[in-house]
Amino acid sequence: SSTTTPPGTYTVMVAERDPKYVATSVDLQAEWFATGGVTGVAPSKYSLLTFEFKGDEPYPVVIVPGILGSAEVDGEWVLDPITHIYDNLVETLDLNGYTLEQDLFTFPYDWRNSNVDTAHLLRDKINAIQSLCHCQKVDIVAHSMGGLVSRQYIQSSEYENDVNHVVFLGTPHLGAPKAYLMWEAGDFDSDAVSLILKFILTLESFENGYANLFEYIRGSPIPSVRELLPVYSYLFDENSQLKIYPN
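Residues numbered from 1 in each chain as written. Predicted model: local features only at pLDDT ≥ 70, side-chain atom pairs only at ≥ 80, totals over all residues. Heavy atoms only, no water.

Trainee: Which parts of the structure should I look at to understand the overall build of the protein?
Mentor: Within the protein, the regular secondary structure consists of eight helices and eight strands. Seen through its C-alpha atoms, the protein measures out along the principal axes to roughly 60 × 50 × 45 Å. By the burial criterion, 32% of the 247 residues in the protein qualify as buried. Excluding contacts between residues fewer than 6 apart, the proportion of contacts in the protein whose partners are at least 24 apart in sequence is 68%. (Helix = DSSP H or I, 4+ residues; strand = E, 2+ residues; numbered from the N terminus. Buried < 20%, exposed > 50% of the residue type's maximum accessible area, 1.4 Å probe, protein only. Contact = heavy atoms within 4.5 Å.)

Have a look at this one:
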């Protein structure tokens with residue numbers, strides 16, 4: 001914390017905690033890192049993050065997830081209870097002195113809605129955090145479409161100058177070409193995330209009485225898909241010539 005850690009340059013280890021990679025306890029991995037590899041056990045997968053700590057009071061951190069990063073459980077939106085993709089991020093921040101619901105907060109939301117509407121909720125979340133922590137600003141760690149939500153708020157007329165820094169993790173700032181498949185054809189790519197998204201939306205389309213996935217995405221509608229469309233001419237090459245695509 002800011003009261004015990006002197007200013008300086010620090011390096012932290014971000015270790016993979018997925019059970020399929022972890023064969024030893026996290027304590028042994030931390031010991032390996034702290035002793036420079038003299039004792040303990042090295043993690044199978046890890047990376048090193050070096051940063052400069054200036055000694056000032058840290059702002060609260062808000063994690064803003066992306067598509068599929070939130071789910072509704074018993075009427076409450078929670079952070080990815082299915083794949084737990086953000087567990088490592090939360091654990092890393094926890095190990096570096098942050099505490100959930102004190103100076104570390106999550107912002108789960110309905111990722112089907114427009115990013116404009118979600119940005120309103122993000123503003124309200126930040127206001128609530130400010131009241132709780134008596135702080136002027138927050139830091140945001142935003143993943144994928146969560147970065148677009150954050151930008152929508154910060155770049156809007158409603159921005160209250162209450163964000164100190166934003167860390168973007170895999171945010172499609174220029175749009176995602178895969179969204180073209182979803183919005184124009186109700187189709188999906190073959191990668192794992194796209195297939196999971198297809199499965200979830202297909203179930204929802206039948207539950208809501210739509211004839212097919214295309215009608216659900218366009219008719220419901222799911223505006224977040226449209227807002228993921230590229231801002232550049234995806235169907236044209238660098239010479240503004242129409243690309244030839246298979247039927």
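There is more to say, and it comes next.
Trainee: What should I look at first to understand the nonpolar core in this one?
Mentor: As a rule of thumb, nonpolar side chains are buried together in soluble globular proteins. Counting 31 residues, the largest nonpolar core has V64, L122, I140, L201 and I217 as the members making the most contacts within it. Among the secondary structure elements, those contributing two or more residues to this core are strand 3 (61-64), helix 3 (115-133), strand 7 (138-143), helix 4 (145-154), helix 5 (178-185), helix 6 (192-207) and helix 7 (213-219). Every residue in contact with L122, bar those within four places of it in the chain, is listed here: V64, F107, I140, V149, S150 and Y153. V90, Y98, L104 and V141 belong to the second-largest nonpolar core, a separate cluster that totals nine residues. (Core = buried A, V, L, I, M, F, W, Y, C linked by side-chain atoms within 4.5 Å.)

Trainee: Any chance you could explain the packing of aromatic side chains here in plain terms?
Mentor: Tallied over the entire structure, the rule returns four aromatic pairs. With 5.3 Å between their ring centres and 55° between their planes, Y210 and Y216 make a pair best called tilted. (Phe/Tyr/Trp six-rings, centres within 6.5 Å; stacked < 30°, edge-to-face > 60°.)

Trainee: How do you make sense of a nonpolar patch on the surface when you look at a structure like this?
Mentor: Together, L174, V231 and Y232 make up a nonpolar patch on the protein surface, roughly 320 Å² of accessible area in all. For Y232, the location among the structural elements is in the segment after helix 8 (223-226). Here Y232 falls in the partly exposed class, since its relative accessible area comes to 37%. (Patch = residues over 30% accessible without salt bridge, like charges linked within 9 Å, V, L, I, M, F, W, Y side chains within 5 Å. Areas by Shrake-Rupley, 256 points an atom, 1.4 Å probe, with all protein chains shown as cover. Salt bridge = Lys/Arg side-chain N within 4 Å of Asp/Glu carboxyl O.)

Trainee: In this structure, what is going on with the side chain of S224? I would like to understand it.
Mentor: Residue placement: S224 occurs in helix 8. A polar contact is formed between the side chain of S224 and the backbone oxygen of R112, at a distance of 3.4 Å. Contact partners of S224, with chain neighbours within four places excluded, come to W111, R112, N113 and M145. (Polar contact = N/O pair within 3.5 Å; in protein donor to acceptor, adjacent residues only side chain to side chain.)

Trainee: Explain the sheet that holds strand 7 to me, please; I cannot follow it from the model alone.
Mentor: Across a sheet, paired strands are connected by hydrogen bonds in the backbone, their directions being either parallel or antiparallel. The sheet built from four strands is open, its strands ordered 6-3-7-8 with parallel pairing. The open sheet has two edge strands with one neighbour each: strand 6 (104-106) and strand 8 (163-169). Adjacent strand axes in the sheet meet at a mean angle of 20° when their direction is disregarded. Here strand 7 pairs with strand 8 via five bridges, running parallel. Note that in strand 8 the partner of V141 across the bridge is V167. The strands that helix 2 (residues 87-95) touches are strand 3, strand 6 and strand 7; relative to strand 3, the one it contacts most, it runs at about 175°. Packed on one face of the sheet, helix 3 meets strand 3, strand 6, strand 7 and strand 8 and runs near 155° to strand 6. (Pairing = 2+ DSSP bridges. Axes fitted to C-alpha atoms, helices over the stretch in contact; angles between N-to-C directions.)

Trainee: In this structure, what is going on with the pairing of strand 4 (residues 70-73)? I would like to understand it.
Mentor: The pairing of strand 4 with strand 5 (residues 76-79) spans four bridges and is classified as antiparallel. Bridging from a neighbouring strand, A71 pairs with V78 of strand 5.

Trainee: Looking at this structure, I do not really get the pattern of salt bridges. What am I missing?
Mentor: Close approach of charged atoms lets side chains of opposite charge pair. What the rule picks out here adds up to seven salt bridges. The salt bridge partner of D189 is K178, with a shortest N-O separation of 3.7 Å. One end of the pair, D189, is in the loop between helix 5 and helix 6; the other, K178, is in helix 5, and eleven residues separate them in sequence. For D189, a relative accessible area of 31% corresponds to the partly exposed category. Classification of K178 as partly exposed rests on a relative accessible area of 40%.

Trainee: I would appreciate a short explanation of the packing of helix 3 against helix 4 in the present structure.
Mentor: A packed helix pair is summarised by two numbers, namely the angle formed by the two axes and the spacing between the axes. Running from amino to carboxyl end, helix 3 crosses helix 4 at an angle of 75°, the nearest separation of the two axes being 8 Å. Judged by the angle between their axes, helix 3 and helix 4 are roughly perpendicular. Taken together, the residues of helix 4 that come into contact with helix 3 (itself represented by N115, V116, T118, A119, L122, R123 and I126) are M145, L148, V149, S150, Q152 and Y153. (Parallel < 35°, antiparallel > 145°, perpendicular 65-115°, else oblique.)

Trainee: Could you clarify how one ought to interpret the environment of R218 in this entry?
Mentor: Within the secondary structure, R218 sits in helix 7. The spacing of R218 and T171 is 47 residues in sequence and 23 Å in space, taken between C-alpha atoms. When near neighbours in sequence (up to four residues on either side) are disregarded, R218 contacts W183 and E184. A polar side-chain atom of R218 sits 2.7 Å from the main-chain carbonyl oxygen of W183.

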